[in-house]
Amino acid sequence: MLRFSGPSRASKKENPLDRVKNKVALVTGAAQGLGAAIAAKLAAEGATVIATDINTDTLKATVAAIGEPTTGLGHDVTSDADWQRVLDTIDAQHGRLDILVNNAGIAVMGNIVDETPERWRQVHAIDLDSVFIGCRAALPLLEQSGAASIVNVSSISGVVAGHNTAAYNSAKAAVTHLSKSIALHCARAANGVRCNSIHPAFVDTPILDSLASSVPRDAVVDKLARQIPLGRIGSPDDVAWAVLYLASDESAFVTGTELRIDGGLSAS
């Protein structure tokens, strides 16, 4: 059974180039999976990382594994007040924010008939509304950076729809266009903030467990891999490298774009 158990200290020593040195980064949903990998990659490349998650117990273990100067904060991304608390803490402790990675999210199965209004609202609150709330609240602090980057984690499901993921498709597609709207606003305002979205396909994280409730997880992974032209599902590091590029000054002329990390799925 394949599982991502969180970043190890060894991952910090893989020839770091300090690509985000002296930058302050906020990564939501960082207790495990993609968020943990992204936080570890940014920290390894020189950033001071504030990792947040509503799952504080797992977050503590992840932050300990990454090591200083990464810190963890409990964070309900659907709460305006919680966003303001987190941002006020970052402002008080660091006086700046250079990178915002909106990664927190959930995935549920359900077609348009089976999906319930309650679950529809929950998915949109966590996967979409949190991005709006977070970007809106963080912009004043990001503007102080002079060269800040927002990376919103969408999904290939926001590009290629599925018959049984109605709420997830809807929320992630909306994140794509919201990101473009933010990018255009910031460009017009000339505030030095860029905004892009990334679109991973199937990645080996605990989120796959929700898809493997009735069949062996390895069977689910094998089935998903057969849909990918490169013949495998992604690793958390595949996504973390892409986030690192968009977070760094290497992508200074990149804004309003959607980066697909899908092994060729959307090309076929």
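For clarity, every value in this text was computed on a predicted model and none was experimentally measured.

Reading guide: rules and limits
Residues numbered from 1 in each chain as written. Predicted model: local features only at pLDDT ≥ 70, side-chain atom pairs only at ≥ 80, totals over all residues. Heavy atoms only, no water. Axes fitted to C-alpha atoms, helices over the stretch in contact; angles between N-to-C directions. Helix = DSSP H or I, 4+ residues; strand = E, 2+ residues; numbered from the N terminus. Parallel < 35°, antiparallel > 145°, perpendicular 65-115°, else oblique. Left-handed = near helix turned anticlockwise from the far one by under 90°. Contact = heavy atoms within 4.5 Å. Nonpolar A, V, L, I, M, F, W, Y, C, P; charged D, E, K, R; others polar. Buried < 20%, exposed > 50% of the residue type's maximum accessible area, 1.4 Å probe, protein only. Arc of directions from axis to C-beta. Core = buried A, V, L, I, M, F, W, Y, C linked by side-chain atoms within 4.5 Å.

Interaxial distance between helix 3 (residues 80-94) and helix 4 (residues 117-143) falls to 10 Å at its minimum, and their mutual angle equals 30°. The angle between helix 3 and helix 4 falls in the class roughly parallel. Helix 4 is crossed by helix 3, and the crossing has right-handed handedness. Of helix 4, the residues touching helix 3 (which contributes Asp-80, Trp-83, Gln-84, Leu-87, Ile-90 and Asp-91) are Ser-130, Ile-133, Gly-134, Ala-137, Ala-138 and Leu-141. Class assignment of the residues belonging to the contact of helix 3 with helix 4 gives a composition of seven nonpolar, three polar and two charged.

Looking at helix 2 (residues 56-66), one finds that the buried residues are Leu-59, Thr-62, Val-63 and Ile-66. For helix 2, the angular spread of the buried residues around the axis is 100°, confining them to a single face. Facing away from the buried side of helix 2 by over 90 degrees, the exposed positions are Asp-57, Lys-60 and Ala-61.

Within the largest apolar cluster, 33 residues are counted, with the highest numbers of intra-cluster contacts made by Ile-38, Leu-42, Val-49, Val-101 and Ile-198. If you list the elements that add at least two residues to this core, you get strand 1 (24-27), helix 1 (33-44), strand 2 (48-53), helix 2, strand 4 (99-102), strand 5 (148-153) and helix 7 (236-247). Excluding its chain neighbours within four sequence positions, the residues that come into contact with Val-49 are Ala-25, Val-27, Ala-39, Leu-42, Ala-43, Pro-69, Thr-70 and Thr-71. Counting residues in each nonpolar core, the second largest holds 32 residues, with Leu-26, Ile-133, Leu-141 and Ile-150 among its members.

So, about the environment of Ala-25. On the secondary structure map, Ala-25 appears in strand 1. Its relative accessible area of 0% is what places Ala-25 among the buried residues. As for Ala-25 and Ala-51, which are separated by 26 residues in sequence, their C-alpha atoms are 8.3 Å apart. In contact with Ala-25, other than residues within four places in its own chain, are Leu-42, Ala-47, Thr-48, Val-49, Ile-50, Leu-97 and Ile-99.

Residue Pro-69 is reached from Glu-68 by a cis peptide bond, and omega for that bond is 5°. Even without a glycine there, the phi angle at Asn-22 is positive, about 70°. Looking at the element boundaries, Asn-22 is found in the segment before strand 1. With relative accessibility at 59%, the residue Asn-22 sits in the exposed group. Even without glycine at this site, Ala-190 takes up a positive phi of about 50°.

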